[in-house]
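Observations on chain architecture
What follows is each chain in one-letter form.
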Amino acid sequence: MLRRGLLTWVSRVGGLLVLLCCSLSLLYLMTCSPPHSNNPPLSHVLPHAGSNHPSLGGTGPVVGAGPSGTRGGDASQSRGPPAAHSYQMLLQEREEQHRLYISSLKKQIAQLKEDLQERSLQLKRVQESLKTAANGPAEGQNGGAELQGAGFGEVQGAKSQQSDLQEFLQTQLSKAEISSGTRLPNEYAVVPFESFTLQKMYQLEMGLTRHPEEKPVRKDKRDELGEVLEAALHSLNTASSHQDNRVPAEKTQTSKVYTTSDFVEGISRTERDKGTLYELTFREEASHEFRRLVLFRPFGPLMKVKNERMDTTNIMINIIVPLSRRADKFKQFMHNFREVCVRQDGQVHLTVVYFGKEQMSEVRSTLENTSRETSFKNYTLLQLDEEFSRGRGLDVGARAWKGGNVLLFFCDVDIYFTADFLNTCRLNTQPGKKVFYPVLFSQYNPALIYGSPEHIPPMEQQLVIKKDTGFWRDFGFGMTCQYRSDFINIGGFDIDIKGWGGEDVHLYRKYLHSNLLVVRAPSRGLFHLWHEKHCADELPPDQYRMCMQSKAMNEASHGQLGMLFFRHEIEAHLRKQKLQNPKKTRLWTEKG
C-alpha cells in the first residue's frame, strides 16, 4: 500500500517537471525570435559586410544605394538573423585589430624610451671612465659600487662598451701627429696650426672677409676655445692640489694656482679624419719657466694627453743671418737685436755669414759697436769670398757651431722679431722630435699704406697685424727653428742652389718626408719688413712676369691696389665734388 502511494507521487512530480520544461522552452522561443518588421533594428546600426563605413575602414560600395533608397532595408530583411551575427563578428574582428595596433605602438614607444635611456647611460659611463682614468683607481671603485645593483650581464655590457670607446679614442690619438710626425708628400699636404691668445686668433685662411688677426666672432669658436682653456686650467690646478696633499718631504716646489692671466698662447689644428689638437702654454713663477698642456678632442670629449714643465733658461738660440752688402739694413736689424736679444732675452748667439768684401768693414763695425756698448760677446762673423747663396750661408753657419746641440734660428736681415717669439721658438722645437716653421706676417709698402713717406710712423708702430698693413706669408719657409742635430741628420741645405729662393722649400720637404713633427703656425711676433723688390731685365718673360706678380702682392692689399688702379677716376670725381662742395671734399681727402 505504501509502495503504490509512493509511485503515484513520483509520477505526478515527473509530469509537473515535464510541463514546466515545455513552458520554459515555449517562452524562450517567443522571447528570442526577431520581430518581423520592414525596419529591423540592426539595419539602422550595423553596416553591411563590404561597406565603406568609416569606422570599419571598408572600401567597397554601399549596399542598398539605389534611386529609391530602400534596397538596403530589403537586403537586411532578406538576410535575417545570420546577417546580424556576421556584423557582430566583423565588429569584434576590427576591434581586435585596433587593439593589437595600439599594443604595437605602445611597445615601440617603450623600446624607444629604453634606447634613449641606454644612450644616456653610455654617455654617463664614458664620462665616468674618463674621470677614472684621470683621477686614479679610487673613483673607479666608487663607480663599480654604483653598478652592483645592476645585473651581471648589464655590467659586462657596460664594460665592453667602455673598452670599445676607449679603444676608438686611443686609435684616434695614435693617428694624430702629437708625439711624432707623419711622412707627407709635399708642403701642400701640411695641415697648419692656428695660434691664439686670450683675446685674439691668428689664422692663415682668410679670404676677402676674414682678417689675419681677429677676435673669435663665431659663437661656436668662442665656446670651443673657452672650453679648452677652462679644461686646461682645471687640469693644472687639480695637479697642483694633488701636489699639496703630499707630505712636505715629497714636495719639490711651491704649488701655483693658474689663472687666465698666466696663459701665454696656444696653437690648434683640426684633422678631419682624426680630431682637434690643442697645445697651450702657461707662464710659471720664473720668467724662463713654462707649463705646456696638450689636449686632444677626437670628435668626442676632451682628452688630456700631456702635462709637462718646460724650462727654457739654458736653451741657447744661435741666430744665423746670411748677408751680402745691405749694410744699412743690417744696422736696422742690429738695433732690434740689441733691444730684444741682448737686453730682454740674454740667451742668444749671433752668427753672421758675409759674402764678398764690399761693405764688409761697415758690417764689422756695426757688430763691434754693439759689442762695446752692450758688452755682448756672443757673436761670430764668417766671411765667404764667393757668390751669394742663402742656403750655403746658413749651412756654413750651422756647421761652424762647436758648442754642442744648439737651437738654430735661420733668419734674414729684413726680419723683425720679438722676445715672445724667441720663447715660442724654444717651446715648439725638440731635438729628434719636432721642428718649428713659423708663418711670419709680411708688411706692405708703408708709403702706400700711410699715403706718403711723410706720414709713415716709427717702426714699432708699423708692426700691427691688420688686413691693410700686411699678410701671412704662408708660401715662405725661410724662417725656421730647429736643433742642429736634426739639421745635420736631415742633410742640411742644397748648396748647389744659388741666390735667393728654393733652398728653404727643399729643406722643408726633407722634414716633411721624415718622422719629425713639423709645427707650422702663424707667429704674431715675427715680421717681414717691406723692401723694394727689383725684377732684372735679363729674366725670361715668364720669370719676369712671376717676379712682377710677387712684387705686386707685396706692395699693398687687394683694396689698396684697386684704389691705385682706379686713381684717375677717383681724382676726376674729387675735382667735380670740389667745385660743388669744397669743404666736404677736403674732409674726404684728409680721411683718405
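Residues numbered from 1 in each chain as written. Predicted model: local features only at pLDDT ≥ 70, side-chain atom pairs only at ≥ 80, totals over all residues. Heavy atoms only, no water.

**So, the state of the cysteines**
One way to say it: the disulfide is the covalent bond shared by the sulfur atoms of two cysteines. To keep things clear, this is the line we draw: Defined by distance alone, a disulfide is two cysteine sulfur atoms within 2.5 Å. Comment: elements are numbered from the N terminus, with helices defined as DSSP H or I runs of at least four residues and strands as E runs of at least two. Three exposure classes are used, based on accessible area relative to the maximum for each residue type with a 1.4 Å probe and protein chains only: buried under 20%, partly exposed in between, and exposed over 50%.
All told, the structure shown has one disulfide when counted by the stated rule. Paired by a disulfide, Cys425 and Cys481 hold their sulfur atoms 2.1 Å apart. As the torsion about the S-S bond is roughly -130 degrees, the Cys425-Cys481 disulfide counts as left-handed. Here the residue Cys425 occupies a position in helix H11 (residues 419-427), and Cys481 occupies one in strand E15 (residues 480-483), the gap between them amounting to 56 residues. Here Cys425 matches Cys481 in class, with each residue buried.

**Notes on the pairing of strand E6 (residues 289-297)**
Quick note on the threshold: At least two DSSP bridges between two strands are required for those strands to pair.
Of all nine residues making up E6, nine are buried, and the element is well covered by its neighbours. Residue alternation in E6 divides its side chains into two sets, Glu289, Arg291, Leu293, Leu295 and Arg297 and Phe290, Arg292, Val294 and Phe296, and both sets are buried. The sheet contact formed by strand E5 (residues 275-283) and E6 spans eight bridges and is antiparallel. The partner of Arg283 across the bridge, within E6, is Phe290. Between E5 and E6, which pair antiparallel one after the other, the connecting turn spans five residues. The sheet contact formed by E6 and strand E7 (residues 303-311) spans eight bridges and is antiparallel. Considered in E7, the bridge of Phe296 is made with Met303. Taken together, E6 and the strand that follows it, E7, pair antiparallel across an intervening segment of five residues, in which Phe299 is found at a positive phi of about 55 degrees.

**Details of the packing of aromatic side chains**
Which entries qualify depends on this criterion: For Phe, Tyr and Trp, rings pair up if their centres lie within 6.5 Å, where Trp contributes its six-membered ring, and each pair is then called stacked (planes under 30 degrees apart), edge-to-face (over 60) or tilted (otherwise). For a ring to carry a charge above it, either NZ of a lysine or CZ of an arginine must fall within 6 Å of the ring centroid while also lying within 35 degrees of the normal to the ring plane.
Applying the stated rule across the entire model yields 21 aromatic pairs. Ring centres of Phe330 and Phe333 lie 6.3 Å apart, and the angle between their planes is 20 degrees; this geometry places the pair in the stacked category. Of this pair, Phe330 and Phe333 both sit in helix H8 (residues 327-345), separated by three residues, roughly a single helical turn. Each of the two residues, Phe330 as well as Phe333, counts as buried. Three or more aromatic residues link up through ring pairs in this structure, and these residues are Phe330, Phe333, Phe337, Phe376, Phe409, Phe417 and Phe421. Over the ring of Tyr258 we find Lys256, and its NZ or CZ is 5.7 Å from the ring centre. Over the face of the ring belonging to Tyr508 we find Arg520, whose NZ or CZ atom lies 5.9 Å from the ring centre.

**Here's the deal with the environment of Pro192**
To be explicit about the condition: Contacts are residue-level and defined by heavy atoms, with any inter-residue pair within 4.5 Å sufficient.
Its place among the elements puts Pro192 in the loop between helix H6 (152-175) and strand E1 (194-196). Given the relative accessible area of 29%, Pro192 is considered partly exposed. Between the C-alpha atom of Pro192 and that of Asp474, which follows or precedes it by 282 residues, the distance is 9.5 Å. Aside from chain neighbours lying at most four places away, what touches Pro192 is Leu204, Ser268, Arg269 and Arg520.

**Here's the deal with the confidence of the model for the chain**
The condition that has to hold: By definition, pLDDT measures how confident the predictor is in each residue, and it falls between 0 and 100.
Scored by pLDDT, the chain has a mean of 77; 73% of the residues are at 70 or more. The low-confidence segment residues 35-80, where pLDDT is below 50, has 38 contacts with residues more than four positions distant or belonging to other chains. Predicted confidence for residues 136-152 stays below pLDDT 50, and this span has seven contacts to residues more than four positions away or in other chains.

**Topic: a nonpolar patch on the surface**
Note the following rule: Think of a patch as exposed residues, more than 30% relative accessible area, with no salt bridge, where like charges cluster within 9 Å and nonpolar side chains (Val, Leu, Ile, Met, Phe, Trp, Tyr) cluster within 5 Å. For the accessible areas, the method is Shrake-Rupley and the probe is 1.4 Å, while residue cover comes only from the protein chains on display. Salt bridges are defined as contacts in which a side-chain nitrogen from Lys or Arg sits within 4 Å of a carboxyl oxygen from Asp or Glu.
Together, Trp9, Val13, Leu17, Leu20 and Leu24 line one region of the surface with nonpolar side chains, adding up to about 510 Å² of accessible area. On the basis of relative accessibility, which here comes to 31%, the residue Val13 falls in the partly exposed class.

**Digging into helix H9 (residues 360-374)**
Applicable threshold: Here the expected span of a helix is defined as 1.5 Å times the quantity of residues minus one. Note: the arc covers the axis-to-C-beta directions of the helix.
For H9, with 15 residues, the first-to-last C-alpha span of 22 Å sits near the 21 Å given by 1.5 Å per residue. Among the residues of H9, those classed as buried are Met360, Val363, Thr366, Leu367, Thr370, Ser371 and Thr374. Angular distribution of buried residues about the axis of H9 spans 135 degrees; they occupy a single face of the element. Opposite the packed face of H9, turned more than 90 degrees from it, sit the exposed residues Ser361, Arg372 and Glu373. Those residues of H9 that are buried lie in contact with strand E8 (317-323), H8, strand E9 (348-355) and strand E10 (379-384).

**With respect to helix H15 (residues 503-512)**
Side chains three or four residues apart in an α-helix point the same way, a direct result of the helix having 3.6 residues per turn. When you tally the buried positions in H15, you get seven out of ten residues, the bulk of the element. Tucked inside the fold, the buried residues of H15 contact helix H10 (390-399), strand E11 (407-410), strand E13 (434-443), E15, helix H14 (484-490) and strand E16 (517-528).

**Description of the nonpolar core**
Condition: Residues belong to a common nonpolar core when they are buried Ala, Val, Leu, Ile, Met, Phe, Trp, Tyr or Cys residues joined through side-chain atoms within 4.5 Å.
With 49 residues, the main nonpolar core has Ile319, Phe330, Phe333, Phe337, Leu350, Phe409 and Phe417 as its most contacted residues. For this core, the leading source of residues is H8, giving eight residues. For Phe409, the contacting residues outside a window of four places in its chain are Ile317, Asn318, Ile319, Ile320, Phe417, Phe421, Met479, Thr480, Cys481 and Leu526.

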